Amino acid sequence: MTMRFPVSIRFSSRWLPLVGCLAVAACQSAPSEQPDTLVNLATVQSGPRVQADELNGAIAREPRNTALLARRATLRLAAGQPSAALADVAAALEIDDASGNLYFIQAKAYRALGQLPAALTAARQAADQGFTGPELPLFVGETYLAARNYPAALDNLDRTLRLDPNQPAALFYKGLAYAATADTSTAVQYLQDALSRDPREPEILHQLAFLLNAWRIPAEAARYAALGMKLDTTSGLLRYDYGRQLELQGHPDSALWYYRRALALDTSVYRADYRLGLAAAKLRQPVAVIQHLTRALRRNPRLPEARALLAEALETQNRLPEALAQYRFLVAENPGNPHWTFKVWKMNGLVQASLPDSLRTAPRYYYRRPVARPRIEPLTPVSPLRPAEVKQ
């Protein structure tokens, strides 16, 4: 991390002679001195990664000091190096396997790596070794929430709130758990309680705005999204939330501007891609449909209507193999649907017809034109016979 000083206390070169004169008893009698060399602050490094590296020498001198190993593991975890943190914890546990704090650090490292079962196992070992405090059930509750085990998550979050009733993170995670179980009203209540305890947390504001938009209360969502954008000027999610409430209130053009701004700040906001893709489909812009919906489906393959619109856009652009792949996805998602089944049959025929014989997955059948039947001349009509006249 680069250290920067405020502009108000940066030194100006025109003041350096005066500072030098004031530093000595008599400027006139002082011997000539070399000018001071100022340190380039841009090269000064700090942060958890550097602090962790600074412990290397101490640990080399005391390799069995578990406190130093635990400290370096914590710093490496904060620096985004969970694998290195696990190595330090493993070395410390070989020396002292009865430390609850070491197991808790191990649990957090496993959580950072996405290994949820291992994280929960390490958290249980931390509790068995006497690790106490609200941070442990909070960690377990958040991990169960990530694993989509909502009853277990709520149990542990309730345990956290019994230990610390004003813990905003526990209230926030409870709100997310209730939102995941479609209890939106309860979710909003817990998120508002979390916001009252931590009013400057952009993530809480984003979740409130998102849920209220989903609940079709865009005016309230706009208030939370606007406040969040003031607190975090780089959040793509909050830009999406603000754009969504504009769309719900009948301002689609302004909404599209915010969706584009959200993607400029954060390309992982797939819902902005999804909304832009839907708008492009209405405007019959297949190139834009393909661009946005391809990215959106890469992150969420279950977006309503997205795959069908993408397949049709690919077909209009004559990208037949890609369209066929999307139609096959639609058949797998909607087994027995006659429309998508017909589309797969039709598109497969077009794709096969465009390939040379050596690349065909199905044989080409040649049909001999049947020989024309000889034309039958019409019969000459026969005059009708008249009965013989009766002689008198």
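Remember, predicted model here, so these are calculated numbers, not experimental data. (Residues numbered from 1 in each chain as written. Predicted model: local features only at pLDDT ≥ 70, side-chain atom pairs only at ≥ 80, totals over all residues. Heavy atoms only, no water.)

**Quick notes on the overall build of the protein chain**
(1) Moving on: For the protein chain, the helix and strand inventory stands at 20 helices and zero strands.
(2) Moving on: For the protein chain, with 392 residues in total, the buried portion stands at 36%.
(3) Moving on: Looking at the protein chain alone, contacts between residues at least 24 apart form 43% of all its contacts between residues at least 6 apart.
(4) Moving on: Here the protein chain has roughly 25200 Å² of accessible surface; of this, 54% comes from carbon and sulfur atoms. (Helix = DSSP H or I, 4+ residues; strand = E, 2+ residues; numbered from the N terminus. Buried < 20%, exposed > 50% of the residue type's maximum accessible area, 1.4 Å probe, protein only. Contact = heavy atoms within 4.5 Å. Areas by Shrake-Rupley, 256 points an atom, 1.4 Å probe, with all protein chains shown as cover.)

**Quick notes on the pattern of salt bridges**
Think of it this way: side chains of opposite charge can pair up when their charged atoms draw near.
(1) Moving on: Under the defined criterion, the tally for this structure stands at eleven salt bridges.
(2) Moving on: A network of salt bridges, in which partner residues are shared, links Arg 72, Arg 76 and Asp 88. (Salt bridge = Lys/Arg side-chain N within 4 Å of Asp/Glu carboxyl O.)

**A short note on the UniProt feature "repeat: TPR" (unreviewed entry) in the protein chain**
(1) Moving on: Cross-referencing UniProt, the feature "repeat: TPR" (unreviewed entry) maps to residues 134–167 and 168–201 in the present numbering.
(2) Moving on: Along residues 134–167, the helical share is 76% and the strand share 0%, with 9 Å between the first and last C-alpha atoms.
(3) Moving on: Helix makes up 79% of residues 168–201 and strand makes up 0%, while its end C-alpha atoms are separated by 10 Å. (UniProt positions renumbered as here; feature names shortened; annotations may be inferred.)

**Quick look at helix 17 (residues 286–299)**
(1) Moving on: For helix 17, built from 14 residues, the straight-helix expectation of 20 Å at 1.5 Å per residue is met to within 8% by its first-to-last C-alpha distance of 20 Å.
(2) Moving on: Among all positions in helix 17, only Ala 288, Val 289, Ile 290, His 292, Leu 293, Ala 296 and Leu 297 are buried.
(3) Moving on: Those residues of helix 17 that are buried lie in contact with helix 15 (252–265), helix 16 (270–282) and helix 18 (306–316). (Expected span 1.5 Å × (residues − 1).)

**Remarks on the confidence of the model for the protein chain**
(1) Moving on: With 82% of its residues at a pLDDT of 70 or more, the protein chain has an overall mean of 84.
(2) Moving on: Low pLDDT (under 50) marks residues 1–45, which in the prediction has 14 contacts with non-local residues, meaning those over four places away or in another chain. (pLDDT = per-residue confidence, 0-100.)

**So, the layout of surface pockets**
(1) Moving on: In this model, the largest pocket occupies a volume close to 630 Å³.
(2) Moving on: Lining the largest pocket are 22 residues, and of these Arg 148, Leu 176, Glu 203, Gln 207 and Arg 271 sit closest to its centre.
(3) Moving on: Its residues placed into classes, the lining of the largest pocket shows 14 nonpolar, three polar and five charged. (1 Å grid on protein atoms, 1.4 Å probe; cavity = no way out; pocket = protein on both sides within 12 Å on 5 of 7 lines; lining within 4 Å. Points joined across faces, edges and corners; volume = space filled by probe spheres on them. Nonpolar A, V, L, I, M, F, W, Y, C, P; charged D, E, K, R; others polar.)

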